[in-house]
Amino acid sequence: MPGFILFREPYGPHPLQTMDIHLPSYKMRSLDDKKWIIFIHGGAWRDPSNSKADATRLLHALVHTPQNTTLCGATLNYRLSPSDREPGNNARHPDHIADVLTAITFLQQKYQFGRNYILVGHSAGATLALQSLRSIYNGRNLDSIIPSAVPFLPGGLPRAVVCTEGIYSLPDLVDEYPHYSSFIENAFGPPSQVWFDASPACLPGWKSEYDGRIVILQSTEDELLSLRQATGFVKALEAEGVSVDVEIVGGKHDDVFKGDELVVAVKKVLGEMNMDMKELAAALDF
Ligand SMILES: Nc1ccccc1C(=O)C[C@H](N)C(=O)O
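First, a word on what this report is: a plain description of the structure on this page. Every value quoted in this text rests on a predicted model; they were computed, and no experiment measured them.

### Some remarks on the sheet that holds strand β5 (residues 117–122)
In step 1: As summarised here, the arrangement of the eight strands in space is β1-β2-β4-β3-β5-β6-β7-β8, forming an open sheet in which the pairing is mixed. Lying at the two open borders of the sheet, with one neighbouring strand each, are β1 (4–10) and β8 (244–249). On average, adjacent strands in this sheet sit at an angle of 15° to one another, irrespective of strand direction.
In step 2: Sheet strands touched by helix α2 (residues 95–111): β1, β2 (18–24), β3 (35–40), β4 (71–76) and β5. Its angle to β2, the strand with the most contacts, is close to 35°.
In step 3: Against the sheet, helix α8 (residues 228–239) contacts β7 (213–219) and β8, and its axis sits at roughly 155° relative to β7.

What follows is the structure, given as structure tokens:
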């Protein structure tokens, strides 16, 4: 029975600039046929109780199985904004997204998986997953953080992004829940154009900028978010003619990433990716 390798990999000098990598040890010598799941945790850009460990259930269910020889996982920590528990944390937008882009770039340079990866994001991690697809974040703001010599997501954009309990529009979130402005201002500063620019649902141009799949999961039992964030984003995408898969699931805000429904949804996306690759191989006459 194949074993697994799990290790911690720093991608920057800050203690939170680190990730866990899960690899099947079997056939480790050939990484070319590998697919990657990259998980981005949530927690309102600040909550230290959310971390890379939030992917434990998902990666154990999918990567740590006896049959798996091709699927690899990475789960990212990134610098956080201040919270009551960790007032010393001082990240501010765009630090969080810069870390996510740096981490994915690091993985890509080390393992060279091209577009054979998917991003899975929970809550603020879903916001980050979607932000990372848009080259706007490699613009002026980030030049000082990500060396401009590094191309925007080398290897290409992921085949799919799976978002659960996501925050898609900061202005709309604060409109619905005025008291959430404390954590939004903490991470993004007082209300400004930045809130719009950082909101996937407010960014036009999805159709032309991203050709992968977007899957949105939202729980009706989420005590922190109603369906409004998800439906608002789906409407914005559909208005542009982007097809999006929506799934209503169960569980509290911080339980969805521990549940089976996320595992099943990610498995389905991976299965369809396999088919895409077979079709591509057939089309190319391999
Ligand atoms: N309040 C939220 C609303 C929407 C999405 C996430 C949260 C949070 O993660 C709260 C977090 N536990 C906090 O640090 O306040």
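### Examining the environment of I37
In step 1: Residue position: I37 is located in strand β3.
In step 2: Using a relative accessible area of 0% as the deciding quantity, one classes I37 as buried.
In step 3: With near-sequence residues (within four places) excluded, I37 lies in contact with L58, L59, L62, L71, C72, G73, A74, I118, V120, V266 and L270.

### Re the site of the ligand
In step 1: Taken together, G43, A44, R46, D47, S123, I167, Y180, F183, L224, L225 and H253 form the complete shell of residues around the ligand.
In step 2: In this structure, an oxygen atom belonging to the ligand sits 2.7 Å away from a side-chain N or O atom of R46.
In step 3: For the ligand, a nitrogen atom lies 2.7 Å from a polar atom in the side chain of D47.
In step 4: When the free accessible area of the ligand is taken as 360 Å², the share hidden by the protein chains comes to 84%.

Cut-offs applied
Every chain is numbered on its own, with residues counted from 1 as its sequence reads. A pLDDT threshold of at least 70 governs which residues receive local features in this predicted model, and a stricter bar of 80 or more applies before side-chain atom pairs are shown or counted, although totals over entire chains, interfaces and linings include all residues. Values reported for side chains reflect all heavy atoms of the structure, with hydrogen atoms and water molecules removed beforehand. Two strands qualify as a pair provided that DSSP identifies no fewer than 2 bridges between them. Going along the chain from the N terminus, every DSSP run of H or I of four or more residues is numbered as a helix, and every run of E of two or more is numbered as a strand. Inter-axis angles, ranging from 0 to 180 degrees, are taken between N-to-C directions of lines fitted to C-alpha atoms, where helices are fitted over the stretch in contact. Residue contacts follow a heavy-atom distance rule, with two residues in contact if any of their heavy atoms lie within 4.5 Å. Whether a residue is buried, partly exposed or exposed follows from its accessible area with a 1.4 Å probe, protein chains only, as a fraction of its type maximum: under 20%, in between, or over 50%, in that order. Proximity is defined per residue: if any heavy atom of the residue lies within 4 Å of a molecule or strand, that residue is considered near it. A 3.5 Å cut-off defines polar contacts: any pair of N or O atoms within that distance qualifies, except that in protein one atom must be a possible hydrogen donor and the other a possible acceptor, and neighbouring residues in sequence count only when both atoms are side-chain atoms. Here the accessible surface of atoms and residues is derived via Shrake-Rupley with a 1.4 Å probe, and residues count as covered only by protein chains that are part of the display.

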